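Structural characterization, general
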Amino acid sequence: MPRGSVDRPLTRREAETLDAIVRLRRPNGLGPTVRELAQAFGITKYAADCRVQRLLKRGLVTRERRAARTVRVVEPYLVDAAGHVTPLQAAALCAPALV
């Protein structure tokens, strides 16, 4: 696993950024630009890029260098109130069955 992976809870900013990447995804599946993330949070593009870099280091998103709209969440995640990350597939396996 990458350094600083999902074995520890997300910070509030990491969780907000992950959520924004999912929310701002285009209908055709393209991710948001760094500029769109910056505008969503009212921060600079540099600060938004730093947030994306943290998620990259944790292995939660991928990104193609020098290409716009390539930030993508690696797989769907559930983040609880404490910031703990659970891959959605694993969460579905642990959830009680609805009958």
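Residues numbered from 1 in each chain as written. Predicted model: local features only at pLDDT ≥ 70, side-chain atom pairs only at ≥ 80, totals over all residues. Heavy atoms only, no water.

**What about the environment of Thr-62?**
Counting through the fold element by element, Thr-62 comes out in strand E1 (residues 61-62). Discounting chain neighbours no more than four positions away, the residues touching Thr-62 are Leu-56, Thr-70, Val-71, Arg-72 and Val-74. (Helix = DSSP H or I, 4+ residues; strand = E, 2+ residues; numbered from the N terminus. Contact = heavy atoms within 4.5 Å.)

**Some thoughts on the nonpolar core**
Counting 13 residues, the largest nonpolar core has Leu-18, Ile-21, Leu-37, Leu-55 and Val-61 as the members making the most contacts within it. Counting only elements with at least two residues in this core, the list comes to helix H1 (12-23), helix H2 (34-41) and helix H3 (45-58). Excluding its chain neighbours within four sequence positions, the residues that come into contact with Val-61 are Leu-18, Ile-21, Val-52, Leu-55, Leu-56, Val-71, Arg-72, Val-73 and Val-74. (Core = buried A, V, L, I, M, F, W, Y, C linked by side-chain atoms within 4.5 Å. Buried < 20%, exposed > 50% of the residue type's maximum accessible area, 1.4 Å probe, protein only.)

**Some details on unusual backbone geometry**
Phi at Arg-66 is positive, roughly 60°, even though this residue is not glycine. Relative to the assigned elements, Arg-66 resides in the loop between E1 and strand E2 (72-73). Here Arg-66 falls in the exposed class, since its relative accessible area comes to 88%. The phi angle at Arg-69 is positive, at roughly 60°, despite the residue not being glycine. Along the chain, the position of Arg-69 falls in the loop between E1 and E2.

**Some details on the confidence of the model for the chain**
Per-residue confidence for the chain gives a mean pLDDT of 78, with 69% of residues at or over 70. Contacts for the low-pLDDT stretch residues 90-99, under 50 throughout, to residues beyond four places or in other chains number two contacts. (pLDDT = per-residue confidence, 0-100.)

**Focus: the packing of aromatic side chains**
Following the criterion strictly, the structure yields zero aromatic pairs and no others. Sitting over the face of the ring of Phe-41, Arg-51 holds its NZ or CZ atom 4.4 Å from the ring centroid. (Phe/Tyr/Trp six-rings, centres within 6.5 Å; stacked < 30°, edge-to-face > 60°. Lys NZ or Arg CZ within 6 Å of the ring centre and 35° of its normal.)

**A few points about H3**
Over its 14 residues, H3 extends 20 Å from the first C-alpha to the last, a length consistent with the 20 Å expected when each residue adds 1.5 Å. In this structure, the buried side of H3 is in contact with H1, H2 and E1. Among the residues trailing H3, Gly-59 stands out with phi positive, at a value near 80°. (Expected span 1.5 Å × (residues − 1).)

**Quick word on the side chain of Arg-69**
Note on Arg-69: relative accessible area 17%, which makes it buried. Here Gly-31 takes part through its backbone oxygen, which lies 3.3 Å from a polar atom of the side chain of Arg-69. Only 2.9 Å separates the side chain of Arg-69 from the side chain of Glu-36, close enough to count as a polar contact. Beyond its immediate chain neighbours, meaning those up to four positions away, Arg-69 contacts Arg-26, Leu-30, Gly-31, Pro-32, Thr-33 and Glu-36. (Polar contact = N/O pair within 3.5 Å; in protein donor to acceptor, adjacent residues only side chain to side chain.)

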